[in-house]
Amino acid sequence: MSISNETIEKIRRSNCATDDTFFQAVEEVLESIKPVLDSDPIYERHSIVDRLTTPDREFKFKVVWMDDNQNIQVNTGYRVQFNNALGPYKGGLRFHPSVNSGILKFLGFEQIFKNSLTGLPIGGGKGGSDFDPKGKSDFEIMKFCSSFMTELHKYIGPRIDVPAGDIGVGAREIGYLFGEYKKITSSYEGILTGKPYMFGGSLMRPEATGYGCVYFTDEMLKFAGKDGFKDRICTVSGAGNVALHTIEKLYALGAKPVTCTDSRGTIYDSRGVNLELLKELKLVRRASLEEYCTVHSEAIYTKVEDYPQGGHEVWNIPCDCAFPSATQNELTKVDAQNLVDNGCISVSEGANMPSTPTAIQIIQDNGVLFAPAKAANAGGVAVSEFEMSQNASMTKWTYEKVDKMLEQTMRAICKRVHLTAEEYGVAGNYVDGANIAGFKKVADAMIAEGI
Ligand code: NDP
Ligand code: 2IT
């Protein structure tokens, strides 16, 4: 079966016209898996495309909470349980004003293939809220998280659905969510990952996505016959969990990361960014990146308003390796062309779907190595699964053990994606390799389980 316009139209009709990021994610996967569907009619016989592009269920609920001025606030909460063919639904929670069901369907859909690629027993899901944590006090965050969990707890469980963090949700939020779950249910169990270490979190979970992305890229460079990171200039976007730990691992491997971004602007420090300062600004004080220049006056800060037309300042800066690690569609065709023109050799997606389809095309057409999100950023969810294993067996693994398993997992994913691309005649195309390898495992499980 080839993917006809009719299939795409059907998917569009069953969703909201505004679910564009979801359609973007679906169309990319369907394009990649055409050869698999064409070569084996079993997938059409079992209506796998229809079944895989429809979430098992979606929850949408009201979250009412009281702010510090005693005003009652109302937000919307969501959980999308997309597919559990391989294991319990697994995927993060995003708290950001842009969150809606379309964005969560895109993230949940991507998560199915990402989790499949890890080789671990986890299905795909995603959730979150349009709540904006920016500028909120700790107490307000706690109030919101408690209210959110009042509803969410009905749908999750260690063998059912295990949420974690994503944009706007880190150890602080997960801690409050866990505390509320325990209060409601009196049950101390691994219903969330990314928990603080003292109550069941895994060592290395905060670092896992960023470190994993760098391990993956190192392996990809090796497959392409290129040297590792020593002295390589790297550009990174974002200044959150994924970006800062990417920067940390890049330094550890001898590279020079020179940028980071937040929602207001970009820092370019040609001597290499000061990671300690960034952690203090973004993780502790939750301040704007602009403050970086009060300590490092030689660094250049560019406001979002001053970005190049149709593009982003960070991708205008010459680099060997680029790591988009903030949000979806943050690397456009203008950015891709700038990266290519400036001699970039690899782009690795730390964020989920940060590159637009045209940007990916430009990157790949110009022979730049491209590591798609569902493979490159799978380290976070992999260590989440290690956390589930530790919780289930009531044990704690050492930092060294988790790091070693993370590195092995990322290098194994890279190899699998690389070999799959070769097997399907698209050597070097990691987008197709990841989509095909991720798809086959889930699809075969769905067929084996029956309807
Ligand atoms: P954080 O909330 O820790 O950091 C997000 C960073 O990106 C912040 O610097 C934020 O800026 C910036 N950002 C967020 N939204 C926008 C936007 N619309 N425009 C510009 N900048 C923006 O999130 P994470 O680091 O956890 O997540 C980053 C990306 O990585 C997301 O795509 C997420 O889905 C993905 N990811 C995360 C994983 C994890 O384990 N956390 C695992 C795999 C993927 P500001 O500080 O101004 O808010
Ligand atoms: O996009 C992702 O993989 C995450 N936000 C992490 C999911 C998880 O369950 O750890």
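An account of the accompanying structure is given in this report. Quick caveat, the model's predicted, so the values are computed rather than measured.

Rules used in this analysis
- Each chain carries its own residue numbering, running from 1 in the written order of its sequence.
- The lettering of chains begins at A and the numbering of ligands begins at 1, in the order of writing.
- With the structure being a predicted model, the display of local features is reserved for residues of pLDDT at least 70 and the display and counting of side-chain atom pairs for 80 or more, all residues being used for whole-chain, interface and lining totals.
- Hydrogen atoms and water are omitted, and side-chain values are computed over all heavy atoms in the structure.
- Only protein chains enter the accessibility calculation, which uses a 1.4 Å probe. A residue is then buried if its area is under 20% of the maximum for its type, exposed if over 50%, and partly exposed in between.
- Here a strand is any run of E in DSSP of at least two residues, a helix any run of H or I of at least four, and the numbering for each starts at the N terminus.
- The directions from the helix axis to the C-beta atoms are what the arc is built from.
- The contact rule is simple, with two residues in contact once any of their heavy atoms fall within 4.5 Å.
- Near, as used in this document, describes a residue that has one of its heavy atoms within 4 Å of the molecule or strand being considered.
- Whenever two N or O atoms come within 3.5 Å, that pair is a polar contact, provided that in protein one can donate a hydrogen and the other can accept it, and provided that, for residues adjacent in sequence, both atoms are side-chain atoms.
- Residue-level accessible areas treat just the shown protein chains as cover; the underlying method is Shrake-Rupley with a 1.4 Å probe.
- Classification used: nonpolar for Ala, Val, Leu, Ile, Met, Phe, Trp, Tyr, Cys and Pro, charged for Asp, Glu, Lys and Arg, polar for all others including Gly.
- In this description, strands pair whenever DSSP reports at least two bridges between them.
- Working convention: axes come from line fits to C-alpha atoms, limited for helices to the stretch in contact. Angles between N-to-C directions cover 0 to 180 degrees.
- Any carboxyl oxygen of Asp or Glu that lies within 4 Å of a side-chain nitrogen of Lys or Arg is treated as forming a salt bridge with it.
- Side-chain atoms within 4.5 Å are what join buried Ala, Val, Leu, Ile, Met, Phe, Trp, Tyr and Cys residues into a set we call a nonpolar core.

**Focus: helix H13 (residues 357–365)**
Among the residues of H13, those classed as buried are Ala359, Ile360, Ile362 and Ile363. Within H13, the buried residues cover an arc of 165 degrees as seen down the axis, which keeps them to one side. Elements in contact with the buried residues of H13: helix H2 (20–39), helix H12 (333–341), strand S12 (346–348), strand S13 (369–371) and helix H17 (430–449). Glycine 367 lies just past H13 and shows a positive phi near 75 degrees.

**Topic: the site of ligand 2**
Ligand 2 sits among 14 residues. The nearest are Lys90, Lys114, Asp166, Arg205 and Ser384. Between lysine 114 and ligand 2, the recorded distance is 2.8 Å, taken from a side-chain N or O atom to an oxygen atom. Bound to the protein, ligand 2 loses 94% of the 290 Å² it would expose on its own. For the shell around ligand 2, the secondary structure elements donating two or more residues are strand S3 (89–95), helix H5 (101–118) and helix H15 (379–393). A breakdown of the residues in the shell around ligand 2 according to their chemical character gives two nonpolar, seven polar and five charged.

**Structural notes on the site of ligand 1**
Among the 25 residues in the neighbourhood of ligand 1, the closest are listed as Asp166, Thr209, Asn241, Ser263 and Asn352. Taking alanine 239, its main chain carries an N or O atom lying 2.9 Å from an oxygen atom of ligand 1. Between ligand 1 and lysine 282 there is a distance of 3.1 Å, counted from an oxygen atom to a side-chain nitrogen or oxygen. Protein contacts shield 83% of the accessible area of ligand 1, which totals 890 Å² for the unbound molecule.

**Some remarks on the sheet that holds strand S8 (residues 259–261)**
Sheet architecture is open: three strands sit in the order S8-S9-S10, paired in antiparallel fashion. The open sheet terminates on both sides in strands that have one partner only, identified here as S8 and strand S10 (300–303). Averaged over neighbouring strand pairs, the angle between their axes works out to 15 degrees when direction is ignored.

**Some details on the environment of arginine 411**
Here arginine 411 shows up in helix H16 (residues 399–423). Between the alpha carbons of arginine 411 and glutamate 219 there is a distance of 5.9 Å; along the sequence they are 192 residues apart. If we skip the residues at most four places from it in the chain, arginine 411 touches Tyr215, Asp218, Glu219 and Lys222.

**Some points on the sheet that holds strand S1 (residues 57–66)**
Strand order across the open sheet formed by five strands is S1-S2-S4-S3-S5, with mixed pairing between neighbours. Looking along the sheet, the strands with just one partner apiece sit at the ends: S1 and strand S5 (161–164). Averaged over neighbouring strand pairs, the angle between their axes works out to 20 degrees when direction is ignored. The pairing of strand S2 (residues 72–83) with strand S4 (residues 124–129) spans six bridges and is antiparallel. If you follow glutamine 81 over to S4, its bridge partner there is glycine 125.

**Focus: the environment of glutamate 219**
Here glutamate 219 shows up in helix H8 (residues 205–223). Assessed through its relative accessible area of 14%, glutamate 219 is described here as buried. Measuring from C-alpha to C-alpha, the distance between glutamate 219 and glutamate 407 comes to 9.9 Å, with 188 residues separating the pair along the chain. Ignoring sequence-local partners within four residues, the contact set of glutamate 219 consists of Arg411 and Cys414.

**Describing the environment of lysine 60**
Relative to the assigned elements, lysine 60 resides in strand S1. The spatial distance from the C-alpha of lysine 60 to the C-alpha of arginine 79 is 6.7 Å, given a sequence separation of 19 residues. Leave out the neighbours within four places in its chain, and lysine 60 touches Thr76, Gly77 and Tyr78.

**Here we look at H12**
Taken residue by residue, H12 has Asp335, Ala336, Asn338, Leu339 and Val340 as its buried positions. Of the surrounding secondary structure, the elements contacted by the buried residues of H12 are strand S11 (321–323), S12 and H13. Immediately beyond the C-terminal end of H12, within one or two residues, lies glycine 343, with a positive phi of roughly 85 degrees.

**Re the pairing of S2**
When a strand is regular, its side chains alternate between the sheet's two faces. Taken together, the 10 bridges between S1 and S2 define a ladder with antiparallel strand orientation. In the strand pairing of S2, valine 64 is matched with valine 74. Counting the residues between successive antiparallel strands, the hairpin from S1 to S2 contains five residues, one of them, glutamine 70, with a positive phi of roughly 65 degrees.

**Quick word on the pattern of salt bridges**
According to the stated counting rule, one finds 24 salt bridges in the structure shown. Across the salt bridge formed by arginine 172 and aspartate 138, the nearest N and O atoms sit 2.6 Å from each other. In this pair, arginine 172 is assigned in helix H7 (residues 171–185) and aspartate 138 in helix H6 (residues 138–152), connecting sequence segments 34 residues apart. Using a relative accessible area of 45% as the deciding quantity, one classes aspartate 138 as partly exposed. A salt bridge links lysine 222 to aspartate 218, with the shortest nitrogen-to-oxygen separation between them at 3.8 Å. Placement of the pair is lysine 222 and aspartate 218 together in helix H8, with a separation of four residues, close to one helical turn. For aspartate 218, a relative accessible area of 11% translates into the label buried.

**With respect to the nonpolar core**
Core analysis: the biggest nonpolar cluster contains 57 residues, and Phe216, Phe229 and Phe323 have the highest contact counts within it. Of all the elements, H8 adds the most residues to this core, at eight residues. In this structure phenylalanine 323 touches Cys213, Val214, Thr217, Phe229, Cys234, Thr235, Val236, Ser237, Thr246, Leu250, Trp315 and Ser348, once residues within four positions along its chain are discounted. By size, the runner-up hydrophobic cluster in this structure holds 36 residues, among which are Ile11, Leu30, Val99 and Leu107.

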